[in-house]
Amino acid sequence: MTPCWLVLVLLTVAASAFAQDPPALRPAEAESIVAKLNLPSDFDGAPPPELPAAVSRDAEGRTTVRAVRLTAPLRIDGNLDEELYRTVTPISDFIRVEPQPGTPASEKTEVWISFDKDNIYVSVRASESQPERMIINEMRRDSSAVWQNENFLFCFDTFYDRRNSAMFQFNPIGGRMDGQVTNENQTNFDLNPIWKLEVRQVDGGWTGEAAVPFKSLRFKPGNSQIWGFQTRRVNRWKNEISYLTSLPSGQGIAGYQRVSRYATMVGLEVPPGSRALDVKPFLTSDVTTDLAATPRVRNDVGTAFGFDAKYSVTPNLTADFTYNTDFAQVEADEQQVNLTRFSLFFPEKREFFLENQGLFSFASGGNTTINATSAQNSDTPTLFYSRSIGLDAGREVPIEGGGRLSGRVGRYSVGLLNIQSGDVSRFGIPSANLGVARIKRDILRRSSIGAIFTRRSPARGGLGTAETYGVDGSFSFYQNVAFNTYWARTRTPGVPDNDTSYRGQFTYTGDRYGAQFERLSVGDGFTPQLGFLRRDNFVKSSALVRFTPRPRKRFRAVRKFGYQALINYFENGAGHLETRQREGEFYMEFQSSDRIQFNYQDGYELLTTPFTIARGVTIPAGGYALRTFTAELRVGQQRMASGNWSVETGPFYGGRRTALSYSSARVKFNQHLAVEPGLSIDRVTLPYGDFTARLVSSRVTYTVTPLMFVSALVQYNSSNATLGSNIRLRWEYQPGSEIFVVYNEGRNTLLGGRPDLQNRALIVKVNRLFRF
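So, how was this worked out
Along each chain, the written sequence defines residue order, and numbers are assigned to residues from 1. Reporting of local features is limited, given that this is a predicted model, to residues whose pLDDT is at least 70; pairs of side-chain atoms are given and counted only at 80 or more, and all residues count toward the totals for whole chains, interfaces and linings. Only hydrogens and water are set aside when side-chain values are computed; all heavy atoms of the structure are taken into account. Helix numbering and strand numbering both begin at the N terminus, where a helix is a DSSP run of H or I of at least 4 residues and a strand a DSSP run of E of at least 2. The globule rule is 2.2 Å times the number of residues to the power 0.38, and the radius of gyration it is compared with is taken over C-alpha atoms. Relative accessibility decides the category of a residue: with a 1.4 Å probe and only protein chains considered, values under 20% of the type maximum give buried, values over 50% give exposed, and everything between is partly exposed. Residues count as neighbours in contact if any of their non-hydrogen atoms are within 4.5 Å of one another. Only the protein chains shown count as covering a residue, and every accessible area follows the Shrake-Rupley method with a 1.4 Å probe. By convention a nonpolar core is built from buried Ala, Val, Leu, Ile, Met, Phe, Trp, Tyr and Cys residues, the set being connected through side-chain atoms within 4.5 Å. A side-chain nitrogen of Lys or Arg and a carboxyl oxygen of Asp or Glu constitute a salt bridge if their distance falls within 4 Å. Each patch is assembled from residues with relative accessible area greater than 30% and no salt bridge, linking like charges that lie within 9 Å and nonpolar side chains (Val, Leu, Ile, Met, Phe, Trp, Tyr) that lie within 5 Å. Planes of paired rings set the category: under 30 degrees apart is stacked, over 60 is edge-to-face and the rest tilted, where pairs are Phe, Tyr or Trp rings (Trp by its six-membered ring) whose centres lie within 6.5 Å. Only strands joined by at least two bridges in the DSSP assignment are considered to pair. By the counting rule applied here, Lys and Arg register as positive and Asp and Glu as negative, while His and the ends of each chain are not counted. The term polar contact refers here to a pair of N or O atoms within 3.5 Å; inside protein, the definition further demands a hydrogen-donor-capable atom paired with an acceptor-capable atom, and it admits residues adjacent in sequence only when both atoms are side-chain atoms.

This part covers the overall build of the protein. Helix and strand counts for the protein stand at four helices and 44 strands. Taken over C-alpha atoms, the radius of gyration comes to 27 Å for the protein, in line with the 28 Å a tight globule of 772 residues would show. For the protein, with 772 residues in total, the buried portion stands at 53%. Of the contacts made within the protein by residues no fewer than 6 positions apart, 59% connect residues no fewer than 24 positions apart. Of the accessible surface of the protein, which amounts to about 32,800 Å², a share of 55% is contributed by carbon and sulfur atoms.

Given below as structure tokens:
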């Protein structure tokens, strides 16, 4: 461990002198450009004697834009007919990252930034040479399919720290998303602030107006502000992506995360910091049947009341409180087939834990363009996994209350979380107190160091207190070089020593070349009880290299070729080889965003104990060769029917496995109705028994308006013999206030014939946001 830290610290000091990202404008530099723009600070939209440029770009590639102060609120209707649009020159001249990085965008985009005492406004006019070809078929809020439409995005780096930002995105029919960018490498898409949007389709394109209340944002104290600002335009029918500022090649649709390359926004004046208070009470009523419980429950009627509250301690530090927390409206998990001996990771979907999720992440740096199949599941431990709160062995545990303090203090990001969970006596689960403390400090231009501490009392099993603590560092240099490292330790009653974990990782993420090298160790006694551990007791050495050239003339239909090689080598605590993965991959990405991919894996797995892979099928201990050939076709999501088709086959634990899957699928009938089918079939023949694992699912969504939808998710999993249904109606009847109607049902298919009912529930939940 120690040599790894010494090397990275020395690299930090040495490389910081050569970092080549364009430096952020200091306040004095920004104000000098303001003077060049020749606009008074109280400009109210009236035309000056000579109309100034709204955007300035210097020889070093830095961009500065100006926000315009209004004397009256902007009318948000999507029609760009106010005086502002006739008297202020728009921000324009977007630069492409796909295709032909660094060239001017093929379609004109015009942007205005304005503000009054309550809101900051972003308006856009998106011109289209062939508007009849625009792809616009998703209007549901927070749907990932918004990315696959024509869309416009804007971001605010409100602290001007060049690392973090708030993101807002919308398409021509009102579909919208929002999120938080953390440390330039992670986006949490569940920010859900209050903001207003109206769009219009007009001759030659479309327009939009967005109003974001200052109360929905966090920023530094002071009236005059300098923020970072970025915009992105996606012409989906052309598969073209462009930004306001120039970005390194290969950034693609995620280039908005490169906060250090944002434009500098000057001229902004914000209202005095107020101790804003948001209170969101809720009421639920439900009818529940659970035939698997002891004693059985039939048509039990229940009600519950609780609330969430948010208080601005300072403009950049927020306290959140929750009482009798309820997550009835959360969509059910998507089932997975697991043919490995390691744990599955399920994403967090509960709103309280999603907000500021990136702040509590540990050792999360080092994003890279890795496409290798075996890299999809991270072996790096998660020290704080919020799903460990409120859930125990898949059973729901009530949360009586809790609080969180998060935000920034100078160059420090801080997060404190404390939750009190209730007991579930029929399952022998005691009440527990769970706490997390996280701090990060920004250093250099795009780097940070931090520490984390977690505590659970009593520990799982009911004895003593379990604690985890660690330190981590993320160091980014030049445009594409990153070093990431951490060291962590756990203290768990009854668990022996060898309770540490550490990692050293180097990543290079260029457009044409990429590489990643990693050393990761997890001890046999490392047990983060508020975290997630896919596997333990190993030392992993890994190397990945990538070559992705862009053809120029000969293959006009192809945007990019990809060649990739990966080696993973795992030793157990005794120093014996436990897992080896050697992988080669080739793919072609077309201008249309369709993709063809071929992958070959040559592996070895040592089982030290017998492994039960399916009901009645157990693989004996021993060493096994695993080889897989995979062919995959990805149909771009801009098409009516999209998704990933894949076929796999190869030797598997002394037998053979053949698999067919259809994933990330979507069939769009119109802007209201979409169907997302899913299919996974694994046929396994072994000397110890044969079996077929089937997973079939379908999600149907009908969107009434951008703020009201009905969705139904039905899943059948043969591995655990379940048939589950989750039907939800969500209506945001006013900003921040919602009504949910949810129906859940689970059935057992093991006995054949008609599936036996195991549980079902009908839930109605109403909440209301009060903003003071």
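What follows covers the environment of G208. With respect to the helices and strands, the residue G208 is situated in strand β12 (residues 205-213). Taking the C-alpha atoms as reference points, G208 and L544, separated by 336 residues in sequence, lie 43 Å from one another. The residues contacting G208, other than those within four sequence positions of it, are L80, V122, S123, V124, F170, E198 and V199.

Within the largest apolar cluster, 41 residues are counted, with the highest numbers of intra-cluster contacts made by I120, F154, F156, F170, W227, F229 and M265. Going through the elements one at a time, β5 (109-115), β6 (119-127), β7 (151-157), β8 (165-170), β11 (196-202), β12, β13 (224-235) and β15 (263-269) are the ones with two or more residues in this core. Ranked by residues supplied to this core, first place goes to β6 with four residues.

Another point: the pattern of salt bridges. Tallied over the entire structure, the rule returns 49 salt bridges. The partner of D58 in a salt bridge is R62, and the shortest N-O contact between them spans 3.0 Å. Overall, the relative accessible area of 16% leaves R62 in the buried class. The partner of E676 in a salt bridge is R699, and the shortest N-O contact between them spans 3.3 Å.

This paragraph deals with a nonpolar patch on the surface. A grouping of V287, V301, V741, L762, V764 and V766 is seen on the molecular surface, where their side chains present a nonpolar patch of about 430 Å² in accessible area. Looking at the nonpolar patch, the element that brings in the most residues is strand β43 (residues 756-767), giving three residues. Mapping V741 onto the fold places it in strand β42 (residues 737-748).

With that out of the way, let us pick up the packing of aromatic side chains. Applying the stated rule across the entire model yields 35 aromatic pairs. Summarising the aromatic geometry, the rings of Y85 and W112 are spaced 5.0 Å apart at their centres and angled 85° between planes, so their arrangement reads as edge-to-face. With Y85 in helix α3 (residues 84-87) and W112 in strand β5, this residue pair connects regions lying 27 residues apart in the sequence. Its relative accessible area of 2% is what places W112 among the buried residues.

This part is about the environment of V741. Judged by relative accessible area, V741 falls into the partly exposed class, the value being 33%. In the structure, V741 is positioned 21 residues away from L762 in sequence and 7.6 Å away in space, judged by C-alpha atoms. Residue contacts for V741: discarding those within four places in its chain leaves I727, R728, L729, L762, I763 and V764.

To continue, consider the pairing of β8. In terms of residue burial, β8 counts as a mostly covered element, since six of its six residues are buried. Along β8, one buried face is formed by S165, M167 and Q169 and the opposite face, lined by A166, F168 and F170, is buried too. As paired strands, β7 and β8 are joined by five bridges and run antiparallel to one another. Residue F156 lies in a different strand from β8, and its bridge partner there is A166.

The subject of this paragraph is the sheet that holds β5. In spatial order, the strands read β3-β5-β6-β12-β11; together these five strands make up an open sheet with mixed pairing. For this open sheet the edge positions go to β3 (68-69) and β11, each flanked by a neighbour on one side alone. Two elements, β6 and β12, share nine bridges in a ladder whose sense is antiparallel. Each residue of the ladder has a partner; that of N119, found in β12, is P213.

We now examine the side chain of D116. Within the secondary structure, D116 sits in the loop between β5 and β6. In this structure, D116 is buried with no salt-bridge partner, the nearest side chain bearing the opposite charge being K117 at 6.7 Å. At 2.9 Å, the side chain of D116 and the backbone nitrogen of D118 are in polar contact. At 2.5 Å, the side chain of D116 and the side chain of Y121 are in polar contact. Other than its neighbours up to four places away in sequence, D116 contacts L70, A72, P73, L74, Y121 and F214.

Turning our eyes to something else, we now look at unusual backbone geometry. Omega for the peptide link from E98 to P99 comes to -20°, which places this bond in the cis form. Mapping P99 onto the fold places it in the loop between β4 (95-98) and β5. Residues S457 and P458 are joined by a peptide bond in cis, for which omega reads 0°. In this fold, P458 is placed in the loop between β24 (447-457) and β25 (466-477). In this structure, L444 takes a positive phi of about 50° despite not being glycine.

Turning to the side chain of R546, a few remarks are in order. Secondary-structure assignment places R546 in strand β29 (residues 538-547). Although buried, R546 forms no salt bridge, and the nearest oppositely charged side chain, D511, lies 6.1 Å from it. For R546, the side chain forms a polar contact with the side chain of T548, separated by 3.0 Å.

What follows covers the environment of F772. Looking at where F772 falls in the secondary structure, it is placed in the segment after β44 (770-771). Sequence separation between F772 and L277 is 495 residues; the distance between their C-alpha atoms is 5.1 Å. Sequence-distant contacts of F772, defined by excluding residues within four places in its chain, comprise K215, A276, L277, D278 and V279.

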